[in-house]
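# Examination of the molecular architecture
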Amino acid sequence: SAAAAARRSGGTDGAEAWWGVRPATARARPDGGRRPDDLGVPVEGRWGLTCGEINFSVIGQYVDYLVKEQGVKNIFVNGTTGEGLSLSISERRQVAEEWVTKGKDKLDQVVIHVGALSLKESQELAQHAAEIGADGIAVIAPFFLKPWTKDILINFLKEVAAAAPALPFYYYHIPALTGVKIRAEELLDGIQDKIPTFRGLKFSDTDLLDFGQCVDQNRQQQFAFLFGVDEQLLSALVMGATGAVGSTYNYLGKKTNQMLEAFERKDLSLALNYQFCIQRFINFVVKLGFGVSQTKAIMTLVSGIPMGPPRLPLQKASREFTDSAEAKLKSLDFLSFADLKDGSLEASS
């Protein structure tokens, strides 16, 4: 699966989609401008699993669904939503190739997450991303033997970026999962002196002080500031986010784009109404137990594309969860009976 991303100013989250603002990784326009016609929601790219194997045949259908149904044209591949770190290196390469191939002339940007515990594996994946024509690469901090200082983390990132010197490089900041607590603001200070291809970060944390200072201290750099906490996106936009990458844009991309467009028009009251509406759904499913497995179930429900079960140690979402999520989507007018695709409930049962 991919994560969808939203972009406000050009884009590069796969599969998570990102946008600037529509799901996938976003890249700022060279002039730093933001136009309504740049709006797009990228998503984290996902893949369907059948008996633990990747179902590559649905990726083309997935691309068409994101573009036509959700207005998402930027993708972040092999991230959290796509269970990239649960795949083998060979599988990650194949998934990346399929997204780039199927997204040609349909997607604006495909950014590949190449982070791994092994520096050599990250470098291999970065080089491969360049070879297949990806639009950028992103890397999380290694999270078993961790870097504990900014300089050590930058040294790791620098070596990965050097393996694909022609590609824009993004840092994927997600401390709740990596356990690496180095503040993003600290990391960004002088980073382009060490990594010339650095173009921005995906910020998946609720620390708006850290995020705000990333923006405030780097106003002259024209970095892409991609926010990764979907339920707090409007707050991040006010603080200067240039885009977003998130899992919910796979099925709430259209609604998120409406919020982004209202924000661009400076209709903050309407934008807030959209954000609150999105929050009502996220708040509901979080109370039920919400994660990657549940995201796949909802995606199957809404899109009709069989996303398959997750890989161990994740467990498949329960039928009870899927039924409850479906009812909530309908109650919020996110989903009508006509929107349900044939067989979608069976696929996620």
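Just so you know, these numbers come straight off a predicted model, no measurement behind them. Just so you know, the residues in each chain are numbered from 1, in the order the chain's sequence is written. Local features are withheld for residues below a pLDDT of 70 in this predicted model, meaning they are given only at 70 or higher, and side-chain atom pairs are given and counted only at 80 or more; totals for whole chains, interfaces and linings count all residues. For side-chain calculations, the full set of non-hydrogen atoms in the structure is used, while hydrogens and water are omitted.

### With respect to the layout of surface pockets
Counted only if it meets this: In this analysis the probe radius is 1.4 Å and the grid spacing 1 Å, with only protein atoms considered; a cavity is a set of points the probe fits into but cannot get out of, a pocket is an open set with protein on both sides within 12 Å along at least five of seven lines, and lining residues have an atom within 4 Å of a point. Grid points are joined across faces, edges and corners, and a volume is the space filled by probe spheres set on the points. For this scheme, ten residues count as nonpolar: Ala, Val, Leu, Ile, Met, Phe, Trp, Tyr, Cys and Pro. Four count as charged, namely Asp, Glu, Lys and Arg, and the remainder, Gly too, count as polar.
Within this model, the second largest pocket holds a volume of roughly 370 Å³. What lines the second largest pocket is a set of 17 residues, among which T80, E83, L85, S86 and L177 lie closest to the centre. Looking at the lining of the second largest pocket residue by residue, the classes come out as nine nonpolar, seven polar and one charged.

### Digging into the pattern of salt bridges
The condition that has to hold: In the sections that follow, a salt bridge refers to a side-chain nitrogen of Lys or Arg positioned within 4 Å of a carboxyl oxygen of Asp or Glu. Secondary structure elements are defined from DSSP: runs of H or I of at least 4 residues count as helices, runs of E of at least 2 residues count as strands, and each element is numbered from the N terminus.
Enumeration according to the criterion identifies twelve salt bridges in this entry. Across the pair E124 and R93 runs a salt bridge, and its minimum N-O distance is 3.5 Å. Taken together, the residues E124 in helix α3 (residues 119-132) and R93 in helix α2 (residues 89-103) connect sequence positions 31 residues apart. A salt bridge links E326 to K330; its shortest N-O distance comes to 2.9 Å. Remark: K330 and E326 occur in helix α13 (residues 319-331); sequence separation between them is four residues, near one turn of the helix. Here the salt bridges do not stand alone but share partners, grouping R183, E185, D207 and D210 into one network.

### A closer look at the UniProt feature "active site" (unreviewed entry) in the protein chain
The following threshold applies: UniProt positions are given in the numbering used here, feature names are shortened, and annotations may be inferred rather than shown by experiment. Think of it in three bands: residues with accessible area under 20% of the maximum for their type are buried, residues over 50% are exposed, and the middle band is partly exposed, with areas taken using a 1.4 Å probe on protein chains only.
Mapped onto this numbering, the UniProt entry gives "active site" (unreviewed entry) at Y172 and K202. In summary, the annotated positions, though distributed over 31 residues, converge in three dimensions, the widest C-alpha pair being only 4.8 Å. Of the annotated set named above, Y172 line the second largest pocket. Mapped onto the fold, K202 is located in strand β10 (residues 198-203). Take K202: its relative accessible area is 2%, and that puts it in the buried class.

### Observations regarding the packing of α3 against helix α4 (residues 150-162)
Under the convention used in this document: To get an axis, fit a line to the C-alpha atoms, keeping to the stretch in contact for a helix; angles then go from 0 to 180 degrees between the N-to-C directions. For a crossing to be left-handed, the near helix must be turned anticlockwise from the far one by less than a right angle; the clockwise case is right-handed. Throughout, a contact is declared for two residues whenever any of their heavy atoms are within 4.5 Å.
Contact geometry for α3 and α4: axes closest at 8 Å, N-to-C directions at 35 degrees. For α3 against α4, the interelement crossing comes out right-handed. Touching L119, S122, Q123 and A126 of α3 are F156, E159 and V160, all from α4. When the residues that make up the contact of α3 with α4 are grouped by side-chain class, the tally is four nonpolar, two polar and one charged.

### Points about the UniProt feature "binding site: pyruvate" (unreviewed entry) in the protein chain
Mapped onto this numbering, the UniProt entry annotates "binding site: pyruvate" (unreviewed entry) at T81 and V245. A maximum C-alpha distance of 10.6 Å places the annotated residues, which cover 165 residues in sequence, within one compact spot. By secondary structure assignment, the location of T81 is in the loop between β6 (74-77) and α2. By relative accessible area, T81 is classed as buried at 3%. Within the element layout of this structure, V245 appears in strand β12 (residues 243-246). V245 gets classed as buried once you look at its relative accessible area, which sits at 0%.

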